[in-house]
Amino acid sequence: MTISVFLLDDHEIVRRGIAQLLETEDDIEVVGEAGTAAQALARVPALRPDVAILDVRLPDGDGVTVCRNIRSVMTPPPACLMLTSFSDDEALFGAIMAGASGYLLKQVAGIDLVGAVRTVAAGGSLLDPKATGLVLERLRRGAEPTDPKFESLSPQERRILELIADGLTNRQIGAELYLAEKTVKNYVSSLLHKLGFARRTEAAVYATERRRPGAR
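Residues numbered from 1 in each chain as written. Predicted model: local features only at pLDDT ≥ 70, side-chain atom pairs only at ≥ 80, totals over all residues. Heavy atoms only, no water.

*Asks:* Pulling in residues and values, what's your account of the overall build of the protein?
*Replies:* When its secondary structure is counted, the protein shows 11 helices and seven strands. In the protein, which comprises 216 residues, the proportion classed as buried is 44%. Long-range pairs, those at least 24 residues apart, make up 66% of the contacts in the protein with a sequence separation of at least 6. For the protein, the accessible area works out to roughly 11200 Å², and carbon and sulfur atoms hold 54% of it. (Helix = DSSP H or I, 4+ residues; strand = E, 2+ residues; numbered from the N terminus. Buried < 20%, exposed > 50% of the residue type's maximum accessible area, 1.4 Å probe, protein only. Contact = heavy atoms within 4.5 Å. Areas by Shrake-Rupley, 256 points an atom, 1.4 Å probe, with all protein chains shown as cover.)

Encoded structure:
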């Protein structure tokens with residue numbers, strides 16, 4: 001049986017490289033590609049791939065949200081394989097919560113990526129048991145009161161909030177996350193609105209307070 005795969009990555013050269021790698025396998029077929037979250041959300045349900053390889057960081061959102069959304073509207077849902085350039089505990093937590101089947105760094109060897117596609121297509125998981133255990137422990141702690149405003153932030157907005165607390169400018173945040181300065185500005189405006197703040201200094205204080213032991 002041929003495994004159908006959809007690729008989501010904002011870098012065309014990365015998509016081409018992965019597609020060429022997968023297409024050399026007799027049992028794998030790349031049925032579609034996208035460079036933005038919006039494109040993926042429009043195309044994946046129509047193509048109904050067995051596996052969706054999703055870049056975690058995107059110019060208009062994040063792969064974790066795409067994973068959650070497509071899995072909520074498709075029956076059966078595709079197995080989502082998250083691919084990222086960075087080791088990020090918060091994104092890993094989000095990926096597990098969104099129902100992802102695997103989480104790999106882009107430095108992964110080609111043969112391992114091919115193996116990962118076959119594993120998740122067969123219903124397997126590539127999530128480290130230790131990481132899954134930490135998520136379950138975090139869920140148990142989740143019985144404690146949480147801040148609904150913070151919970152409304154996307155993983156990308158939470159990362160940017162942390163960098164705001166570190167004192168970084170929009171330009172510096174853009175360089176850190178490989179985003180355009182204008183894109184960062186839009187994220188900042190969105191997270192300020194969700195948190196009910198008018199100034200980024202308020203957001204910085206809020207994020208700093210959340211870092212204190214026992215804060216949620």
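*Asks:* Kindly report on the packing of aromatic side chains, identifying the contributing residues and their values.
*Replies:* Given two aromatic rings, one states the distance between the centres and the angle between the planes to describe the pair. Inspection of every chain in the model, using the stated rule, returns one aromatic pair. Residues Phe-197 and Tyr-206 carry aromatic rings whose centres are separated by 5.6 Å and whose planes lie at 65° to one another, so their mutual orientation is edge-to-face. Taking the relative accessible area as the measure of exposure, Phe-197 reaches 22% and is therefore partly exposed. Residue Tyr-206 is classed as buried on the basis of its relative accessible area, which comes to 15%. Directly above the aromatic system of Phe-150 lies the positively charged group of Arg-210, at a separation of 3.6 Å from the ring centroid. (Phe/Tyr/Trp six-rings, centres within 6.5 Å; stacked < 30°, edge-to-face > 60°. Lys NZ or Arg CZ within 6 Å of the ring centre and 35° of its normal.)

*Asks:* How would you sum up the pattern of salt bridges? Please name residues and give values.
*Replies:* In the structure shown here, the tally under the stated rule is nine salt bridges. One salt bridge in this structure joins Asp-9 and Lys-106, with 2.8 Å as the shortest N-O distance. Of this pair, Asp-9 sits in the loop between β1 (3-8) and α1 (12-23) while Lys-106 sits in the loop between β7 (102-105) and α5 (110-121), and the two are 97 residues apart along the sequence. Using a relative accessible area of 2% as the deciding quantity, one classes Asp-9 as buried. In this structure, Lys-194 and Glu-157 form a salt bridge, with 2.9 Å as the shortest nitrogen-oxygen distance. Here Lys-194, found in helix α10 (residues 181-195), pairs with Glu-157, found in helix α8 (residues 155-165); they are 37 residues apart in sequence, far enough to count as distant. (Salt bridge = Lys/Arg side-chain N within 4 Å of Asp/Glu carboxyl O.)

*Asks:* Account for the nonpolar core, with residues named and values stated.
*Replies:* Within the largest apolar cluster, 25 residues are counted, with the highest numbers of intra-cluster contacts made by Leu-8, Leu-54, Val-66, Cys-80, Met-82 and Tyr-103. Of all the secondary structure elements, the ones that give two or more residues to this core are β1, α2 (37-47), β3 (51-55), α3 (63-73), β6 (79-84) and α4 (89-98). Here this core takes five residues from α4, the largest share from any one element. Counting 20 residues, the second-largest nonpolar core is a separate cluster that includes Leu-153, Ile-160, Leu-191 and Leu-195. (Core = buried A, V, L, I, M, F, W, Y, C linked by side-chain atoms within 4.5 Å.)

*Asks:* So what's going on with the pairing of β3? Which residues, and what values?
*Replies:* A large share of β3 lies buried, amounting to five of its five residues. Here β3 shows no split at all, with Val-51, Ile-53 and Asp-55 on one side and Ala-52 and Leu-54 on the other all buried. Bridge count between β1 and β3: four bridges; the pairing is parallel. Looking across to β3, one finds that Leu-7 is bridged to Ile-53. Sheet topology note: the β3/β6 ladder contains five bridges and is parallel. Within β6, the residue paired with Val-51 across the bridge is Ala-79. (Pairing = 2+ DSSP bridges.)

*Asks:* Lay out the sheet that holds β3 with the relevant residues and their values.
*Replies:* Ordered in space as β2-β1-β3-β6-β7, the five strands form an open sheet in which the pairing is parallel. Of all the strands in the sheet, just β2 (28-34) and β7 have a single pairing partner and so form its edges. Taking the axes of each pair of neighbouring strands and ignoring which way they run, one obtains an average angle of 25° across the sheet. Where β1 and β2 come together, six bridges link them in parallel fashion. Its bridge partner being in β2, Ser-4 is matched across the sheet by Glu-29. Sheet strands touched by α1: β1, β2, β3 and β6. Its angle to β2, the strand with the most contacts, is close to 165°. (Axes fitted to C-alpha atoms, helices over the stretch in contact; angles between N-to-C directions.)

*Asks:* Can you explain helix α9 (residues 170-177)? Please cite residues and give values.
*Replies:* Residues of α9 that are buried: Asn-170, Ile-173, Gly-174 and Leu-177. Each buried residue of α9 lies within a common arc of 100° when the element is viewed along its axis, so the set occupies one face. Residues of α9 that are exposed and point more than 90 degrees away from the buried face comprise Arg-171 and Ala-175. Among the structural elements, β4 (57-58), α8, α10 and α11 (200-210) are those in contact with the buried residues of α9. Just past α9, the residue Tyr-178 takes up positive phi, approximately 60°. (Arc of directions from axis to C-beta.)

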